[in-house]
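Report on the structure
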Amino acid sequence: MRMNRRLFLQLTALAGGGLALDLYRSPLGAAQGPATPPDLTPQTFIHIAPDGVVTIMARASESGQGMRNMLPMLIAEELDADWKDVRVQQADLNEKIYGRQFSGGSMNTPVGWEPMRRVGAAGRQLLITAAAQTWGVQAAECATQSGRVLHAASGRSAGYGELASKAAALPAPALSSVKLKDPKDYRIIGHSQAGVDTHSIVTGKPLFRH
């Protein structure tokens, strides 16, 4: 068969399309991970200092898609932390405690959407439990707002930093049992927030390697 320019372009376009589809499917398969997922705990992802600064571990590395911003935002939302008090730290490679760690294929958002929110909600539940035990009240009587636990009936409140040590020592609740926020109550998700790496990016500091 004689190869001309048109036939060459047609064949390479078909080959390229098949390769593109295969590459697009691969991250999804990788993201699904093993049949038995790891038991994620809030203590693994969330670290709160006495001064109230919240450090959230980013399990996915940054490759230009904003993963170091998006995944911690999901946790911070359900934790009910104030985003200005959040610091992000890159997690080491340890899929036994962080779950599947990958970057690419635009799959981190759908794959991490619920698990990361449940991690944050579990952290919030631990802080409420710690406050309720400290005050001798029912956890159901307590609420949270911007990094504080509130008890409306007595007018008491405590910052997350004050409760962090006690909360960290409590057994983590099952992620399947925690209550997630109603989307209408989101203060971080869906709202403009300062990117954790924005200043570094615009000043040319991050290094991206293959």
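We now turn to the structure provided with this report. (Residues numbered from 1 in each chain as written. Predicted model: local features only at pLDDT ≥ 70, side-chain atom pairs only at ≥ 80, totals over all residues. Heavy atoms only, no water.)

Summed over all chains, the structure comprises nine salt bridges. A salt bridge links Arg-187 to Asp-80, with the nearest nitrogen and oxygen atoms 2.8 Å apart. Note that Arg-187 is positioned in the loop between helix H6 (160-168) and helix H7 (198-202) and Asp-80 in the loop between helix H3 (67-79) and strand E3 (86-90), a separation of 107 residues in sequence. Ionic pairing is found between Arg-118 and Glu-114, a salt bridge with its closest N-O pair at 2.8 Å. Here Arg-118 and its partner Glu-114 are both found in helix H5 (residues 108-135), four residues apart, which amounts to about one turn of the helix. For Arg-118, a relative accessible area of 17% gives the class buried. Through salt bridges with shared partners, a single ionic network connects Glu-77, Asp-80, Lys-181 and Arg-187. (Salt bridge = Lys/Arg side-chain N within 4 Å of Asp/Glu carboxyl O. Helix = DSSP H or I, 4+ residues; strand = E, 2+ residues; numbered from the N terminus. Buried < 20%, exposed > 50% of the residue type's maximum accessible area, 1.4 Å probe, protein only.)

When two helices pack together, you describe them by how their axes are tilted relative to each other and by the distance separating the axes. Contact pair H5 / H6: the axes reach a minimum separation of 9 Å and the direction vectors enclose 95°. On the basis of the axis angle, H5 is roughly perpendicular to H6. Residues Arg-124, Leu-126, Leu-127, Ala-130, Ala-131, Gln-133 and Thr-134 of H5 form the contact with H6, whose own contacting residues are Tyr-160, Leu-163, Ala-164, Lys-166 and Ala-167. A class-by-class count of the residues in the contact of H5 with H6 yields eight nonpolar, two polar and two charged. (Axes fitted to C-alpha atoms, helices over the stretch in contact; angles between N-to-C directions. Parallel < 35°, antiparallel > 145°, perpendicular 65-115°, else oblique. Contact = heavy atoms within 4.5 Å. Nonpolar A, V, L, I, M, F, W, Y, C, P; charged D, E, K, R; others polar.)

The strands making up a sheet associate through backbone hydrogen bonding, with each pair oriented either parallel or antiparallel. Read from one edge of the open sheet, three strands run E1-E2-E3, paired in mixed fashion. Both edges of this open sheet fall to strand E1 (46-48) and E3, since each of them pairs with a single strand only. Taking each pair of neighbouring strands and ignoring which way they run, the sheet shows an average axis angle of 25°. (Pairing = 2+ DSSP bridges.)

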